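Understanding the architecture of this molecule
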Amino acid sequence: MRNYHIFHIDTFTDQAFSGNPAGVVPNAEGLTSSEMQQIANEMNLSETAFLFSSKLDQSDYQIKFFTPFCEVDFCGHATLAAAWVIAQKFDLKSSSAVVTFATNVGSVPVEIKQKEDHLLMIMTQVEPKVKQVDIENDHLASMLGVTVTDFDLQLPIKLAYTGNWHLVVPMKNQASIDQASPLFEDLKMWNKDFGIVTNHLFTRHTNDHNVDIYTRDFAPAVGVNEDPVTGSANGALIGYLYMEGQLRESKQYRIIQGNSMNRPGTVLATITKRAGHIQVKVGGSAVTTIKGMITL
């Protein structure tokens, strides 16, 4: 029999049982893809991260991500969860450190630093990009369980990317997002046709003046009907909003997600442009809720 350490980490929060939970297997050498898929299915979280020794000089670890349904190329909250586990292992509490992960979409460095009474992990995602998507608004509204009048048509509905393709959907207000009740099977089939990993509803018209953006995220194509707090989708959203002229460089934006699932979390995001390249940073804290051993 083989034993592997496994962790259940709540991310984008400093409170247990909130934010987005992820599984982390910190020493996954010897696991096959089939076994990783089985473990992710057993964990039954939106994603479980598996860490391996990296063969690349510029990376500290190779990381793979599995939903209960399939492998995905990148997952923001599971990357933070993995960084959190590493920080606890090496007691990275008094000074800044950077851990770099080799993902299927490229290198993702995560800065770990102390902020007040908790650690903050800040990942630099791969460069954002956007592209058009061909769909009628009434068809999309039907699949999302909203009305066309709920869309904020002052901004375009587009696909955005910082490791996965996300459909970013501008909504008029927080209430219009909260009432969404998707037709998950229809949305799943359409997402698969277009290679869309998640559908990310957002608004800048929130109920809290301390919140810059409010979001919800639906990912039926990868087996996750709703994701509580989504690191990759919010990073892609920040890139999209910057390219649409809606955000300023170097300002930190506070994104709230998970309220609809009673798992509120906070994403801290910034964007800069250097030498013609757009850089998105997404961060937050985390909490260990379960740690144990899995036996195969």
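Refer to the preceding data block for the structure.
Note that the structure is a prediction, hence the values are computed from the model and not measured.

1. Some words on the overall build of the protein chain
Of regular secondary structure, the protein chain possesses six helices and 18 strands. Its C-alpha atoms give the protein chain a radius of gyration of 18 Å, within 12% of the compact-globule value 19 Å for 296 residues. Within the protein chain, the proportion of its 296 residues that are buried is 58%. When contacts within the protein chain are restricted to residue pairs at least 6 apart in sequence, those whose partners lie at least 24 apart make up 63%. Mean positive and mean negative side-chain charge positions of the protein chain (23 and 31 charges, respectively) differ by 5 Å.

2. Description of helix 2 (residues 76-89)
For helix 2, spanning 14 residues, the distance from its first C-alpha to its last is 20 Å, which sits close to the expected 20 Å at 1.5 Å a residue. Most of helix 2 sits inside the fold, with 12 of its 14 residues counted as buried.

3. A short note on empty space enclosed by the protein
Empty pockets left among the atoms are what a rolling probe the size of a water molecule brings to light. According to the stated counting rule, one finds one cavity of 30 Å³ or more in the structure shown. The space that makes up the largest cavity amounts to roughly 120 Å³. Looking at the largest cavity, it is lined by 19 residues, and the ones nearest its centre are Glu 47, Thr 198, Asp 227, Thr 230 and Ser 232. Counting only elements with at least two residues in the lining of the largest cavity, the list comes to helix 2, strand 13 (213-219), strand 14 (224-227) and helix 6 (231-243). Tallied by class, residues from the lining of the largest cavity come to seven nonpolar, nine polar and three charged.

4. Quick word on the nonpolar core
A general tendency of soluble globular proteins is for nonpolar side chains to be buried together. Ranked by internal contacts, the top residues of the largest apolar core, which has 84 residues, are Phe 101 and Leu 140. No other element matches helix 2, which puts nine residues into this core. In contact with Phe 101, not counting residues within four places along its chain, are Leu 51, Ser 59, Tyr 61, Ile 63, Thr 79, Ala 82, Ala 83, Ile 86, Gly 106, Ser 107, Val 108 and Val 110. Ranked by size, the runner-up nonpolar core spans 12 residues in total, among them Tyr 4, Val 25, Ile 39 and Phe 66.

5. So, the packing of aromatic side chains
With the rule as written, the count across this model stands at seven aromatic pairs. For the ring pair Phe 65 and Phe 74, a centre distance of 6.0 Å and an interplane angle of 85° mean the geometry is edge-to-face. Ring geometry for Phe 202 against Tyr 240: centres 5.8 Å apart, planes inclined by 75°, an arrangement best described as edge-to-face. Of this pair, Phe 202 sits in strand 12 (residues 198-203) while Tyr 240 sits in helix 6, placing them 38 residues apart in sequence. According to the relative accessible area criterion, Phe 202 is buried, its value standing at 2%.

6. A few points about the pattern of salt bridges
Once the charged atoms of two side chains with opposite charge are near each other, the side chains can pair. Considering all chains together, one arrives at six salt bridges under this definition. The partner of Asp 212 in a salt bridge is Lys 251, and the shortest N-O contact between them spans 3.8 Å. Highlighted residues: Asp 212 in the loop between strand 12 and strand 13 and Lys 251 in the loop between helix 6 and strand 15 (253-257), separated in sequence by 39 residues. For Lys 251, a relative accessible area of 28% gives the class partly exposed.

7. So, unusual backbone geometry
Even without being glycine, Asn 44 reaches a positive phi, approximately 55°. When you line up the elements, Asn 44 lands in the loop between helix 1 (33-43) and strand 3 (48-53). You will see that Ala 275, though not glycine, has its phi angle at about 50°, which is positive. Here Ala 275 shows up in the loop between strand 16 (265-274) and strand 17 (277-284). By relative accessible area, which is 80% here, Ala 275 ends up exposed.

8. Observations regarding the pairing of strand 4 (residues 61-66)
Inspection of the sheet shows strand 3 paired to strand 4 by six bridges, in the antiparallel sense. Counterpart to Ser 53 in the pairing with strand 4 is Tyr 61. In this sheet, strand 6 (residues 97-103) lies alongside strand 4 in parallel orientation, the contact comprising two bridges. Across the sheet, Tyr 61 pairs through a bridge with Phe 101, a residue of strand 6.

9. Quick word on helix 6
An ideal rise of 1.5 Å per residue puts 18 Å on 13 residues; helix 6 measures up with 19 Å between its terminal C-alpha atoms. Counting buried residues in helix 6 gives 12 out of 13 residues, a clear majority hidden from the surface. Within the span of helix 6, buried status applies to Gly 231, Ser 232, Ala 233, Asn 234, Gly 235, Ala 236, Leu 237, Ile 238, Gly 239, Tyr 240, Leu 241 and Tyr 242. A positive backbone phi angle near 75° is found at Gly 245, which sits one or two residues after helix 6.

Thresholds, definitions, all that
Residues numbered from 1 in each chain as written. Predicted model: local features only at pLDDT ≥ 70, side-chain atom pairs only at ≥ 80, totals over all residues. Heavy atoms only, no water. Helix = DSSP H or I, 4+ residues; strand = E, 2+ residues; numbered from the N terminus. Rg over C-alpha atoms; globule rule 2.2 N^0.38 Å. Buried < 20%, exposed > 50% of the residue type's maximum accessible area, 1.4 Å probe, protein only. Contact = heavy atoms within 4.5 Å. Lys, Arg positive; Asp, Glu negative; His and termini not counted. Charge placed at Lys NZ, Arg CZ, Asp CG, Glu CD. Expected span 1.5 Å × (residues − 1). 1 Å grid on protein atoms, 1.4 Å probe; cavity = no way out; pocket = protein on both sides within 12 Å on 5 of 7 lines; lining within 4 Å. Points joined across faces, edges and corners; volume = space filled by probe spheres on them. Nonpolar A, V, L, I, M, F, W, Y, C, P; charged D, E, K, R; others polar. Core = buried A, V, L, I, M, F, W, Y, C linked by side-chain atoms within 4.5 Å. Phe/Tyr/Trp six-rings, centres within 6.5 Å; stacked < 30°, edge-to-face > 60°. Salt bridge = Lys/Arg side-chain N within 4 Å of Asp/Glu carboxyl O. Pairing = 2+ DSSP bridges.

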